[in-house]
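Letter by letter, the chains look like this.
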Amino acid sequence: MRLCSIASGSSGNCIYAGSDATHILVDVGISGKRVEMGLAKLGIAGSELDGILITHEHADHVSGLGVIARKYGVPIYATRGTINALRRMNGTGKLEDDLFHEIHEDEKFTIKDLVIAPMQISHDAAQPVAYRIAYGDKRVGICTDLGCYNDYTAECLKGMDALLIEANHDVNMLQVGPYPYYLKQRILGDRGHLSNENSGRLLSRILHDKLQTILLGHLSKENNLPELAYEAVRMEITMGDNPYRADDFRMLVAPRSEMSPIVELL
Ligand SMILES: [Zn+2]
Ligand SMILES: [Zn+2]
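Residues numbered from 1 in each chain as written. Chains lettered and ligands numbered in written order. Predicted model: local features only at pLDDT ≥ 70, side-chain atom pairs only at ≥ 80, totals over all residues.

**A word on the overall build of the chain**
Part 1 of the argument: Each helix and strand in the chain was counted, giving nine helices and 14 strands.
Part 2 of the argument: Taken against the 2.2 N^0.38 rule, which gives 18 Å for 266 residues, the C-alpha radius of gyration of the chain at 17 Å falls within 12% of a compact globule.
Part 3 of the argument: With respect to the three principal axes, the spread of C-alpha positions in the chain is 50 × 45 × 30 Å.
Part 4 of the argument: Per-residue burial over the chain gives 49% buried out of 266 residues.
Part 5 of the argument: Long-range pairs, those at least 24 residues apart, make up 69% of the contacts in the chain between residues at least 6 apart in sequence. (Helix = DSSP H or I, 4+ residues; strand = E, 2+ residues; numbered from the N terminus. Rg over C-alpha atoms; globule rule 2.2 N^0.38 Å. Buried ≥ 20, exposed ≤ 12 C-beta atoms within 10 Å, placed from the backbone. Contact = placed C-beta atoms within 7 Å.)

What follows is the structure in structure tokens.
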């Protein structure tokens, strides 16, 4: 099983996960051309895509959805609230109704040899979810765009072999930065985004011996730096109430506009 961030950040998200036989994207918030270039580096053609999982309708997650879904006739999986929100939006263009497949939080479904488990997250969108994707006994969790987490979130994300998790902002950079007050409040709120510290605290609760790789993602361009995110999360892990040190895990920051290294789970 492979996991790769084609793009991750507040200006566009597209994550690949797949097995030898099945290829899926989580969100398509970049141009169709960039998606195709990313897939090509993975040795996959757009026509081989088996499904697109949508987390929520914000533009940084769906701006390229219409192009890719129409061009290749790829099934789109999303919650009812997200589907309705997408239908109301103009940005994605017309999408045929039969491309949409409604999914439900906490109800697993399969796409060929992959088992997908959607989970609720707290974010200011219609009906947002995060996803866990399993192939055999390997599991990856892809969890971005959440303002807060709780016991449910931690429980859902336990036992993953690889995690892509949001480390959106440095609280100080956000507070002194150029964003207007209402936007700062939105990002800091319970339905906004995880700060670097909160990302590290959530990770501290879900670390386990078999976790191979942590990808930090959805970094804010204005309010974060890769080094800050990396160090803050490592600090929380090492200081946190867990038996681990940050060095026990391979941790990478997913680049905003380039592909991450390919995470191969064996
Ligand atoms: Zn986002
Ligand atoms: Zn969002």
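Picking up where we left off.
**Observations regarding the sheet that holds strand β14 (residues 263-264)**
Part 1 of the argument: The seven strands lie next to each other as β6-β5-β4-β3-β2-β1-β14, forming an open sheet whose pairing is mixed. In this open sheet, the two strands that pair with only one neighbour each are β6 (100-103) and β14.
Part 2 of the argument: Sheet analysis places strand β5 (residues 76-79) next to β6, joined by four bridges and oriented parallel. In the sheet register, A78 faces β6, and the bridge partner there is E102.
Part 3 of the argument: Strand contacts of helix α4 (residues 80-88): β5 and β6, with the helix running at about 110° to β5, the strand carrying the most contacts. (Pairing = 2+ DSSP bridges. Axes fitted to C-alpha atoms, helices over the stretch in contact; angles between N-to-C directions.)

**Quick word on the sheet that holds strand β10 (residues 138-143)**
Part 1 of the argument: Spatial strand order, β7-β8-β9-β10-β11-β12-β13: seven strands in an open sheet with mixed pairing. Here the strands that pair on one side only, and so sit at the sheet edges, are β7 (109-111) and β13 (250-253). For this sheet the average axis-to-axis angle between neighbouring strands, irrespective of direction, equals 20°.
Part 2 of the argument: Relative to strand β8 (residues 114-120), β7 is paired through three bridges, and the arrangement is antiparallel.

**Here we look at the environment of Y149**
Part 1 of the argument: Tracing the sequence through the fold places Y149 in the loop between β10 and α5 (151-157).
Part 2 of the argument: Judged by C-beta crowding, with 22 C-beta atoms within 10 Å, Y149 ranks as buried.
Part 3 of the argument: Sequence separation between Y149 and A45 is 104 residues, and the spatial gap between their C-alpha atoms is 36 Å.
Part 4 of the argument: What Y149 contacts, discounting residues up to four positions off in sequence, is A154 and L202.

**Regarding the packing of helix α8 (residues 196-206) against helix α9 (residues 226-239)**
Part 1 of the argument: Remark: α8 packs on α9, axes separated minimally by 8 Å, with the N-to-C direction vectors making an angle of 40°. In this view, α8 runs oblique relative to α9, as classed from their interaxial angle. In this structure, the crossing between α8 and α9 has a hand that is right-handed. Residues N196, E197, S199, G200, R201, L203 and S204 of α8 form the contact with α9, whose own contacting residues are L228, A229, A232, V233, M235, E236 and I237.
Part 2 of the argument: Of the residues contributing to the contact of α8 with α9, the split by class is seven nonpolar, four polar and three charged. (Parallel < 35°, antiparallel > 145°, perpendicular 65-115°, else oblique. Left-handed = near helix turned anticlockwise from the far one by under 90°. Nonpolar A, V, L, I, M, F, W, Y, C, P; charged D, E, K, R; others polar.)

**A closer look at the pairing of strand β3 (residues 23-26)**
On a regular strand, each side chain points to the face opposite its neighbour's, so the side chains alternate between the two faces of the sheet.
Part 1 of the argument: Here β3 shows no split at all, with H23 and L25 on one side and I24 and V26 on the other all buried.
Part 2 of the argument: Inspection of the sheet shows strand β2 (residues 14-18) paired to β3 by four bridges, in the antiparallel sense. Note on β3: the bridge partner recorded for A17 is I24.
Part 3 of the argument: Counted along the chain from β2 to the antiparallel partner β3, the turn is four residues long.
Part 4 of the argument: Pairing geometry for β3 and strand β4 (residues 51-53), over three bridges, is parallel. When the sheet's bridge partners are listed, L25 is paired in β4 with I52.
Part 5 of the argument: As a crossover connection, the stretch from β3 through helix α1 (residues 32-41) into β4 is right-handed. (Right-handed = clockwise from strand over helix to strand, strands pointing away.)

**Regarding the environment of E258**
Part 1 of the argument: Here E258 shows up in the loop between β13 and β14.
Part 2 of the argument: Classification of E258 as exposed rests on a count of 12 C-beta atoms within 10 Å.
Part 3 of the argument: Placed 250 residues apart in sequence, E258 and S8 show a C-alpha to C-alpha distance of 8.3 Å.

**Side note on the pairing of strand β12 (residues 213-217)**
Part 1 of the argument: Across the five residues that make up β12, a large majority, five, are buried.
Part 2 of the argument: Here strand β11 (residues 162-166) pairs with β12 via five bridges, running parallel. Paired with I165 across the strands is L216, a residue of β12.
Part 3 of the argument: Relative to β13, β12 runs parallel, the two being bridged by four bridges. Opposite T213, over in β13, you have R250 as the bridge partner.
Part 4 of the argument: A crossover connection joins β12 to the parallel β13 through α9; in handedness this β-α-β unit is right-handed.

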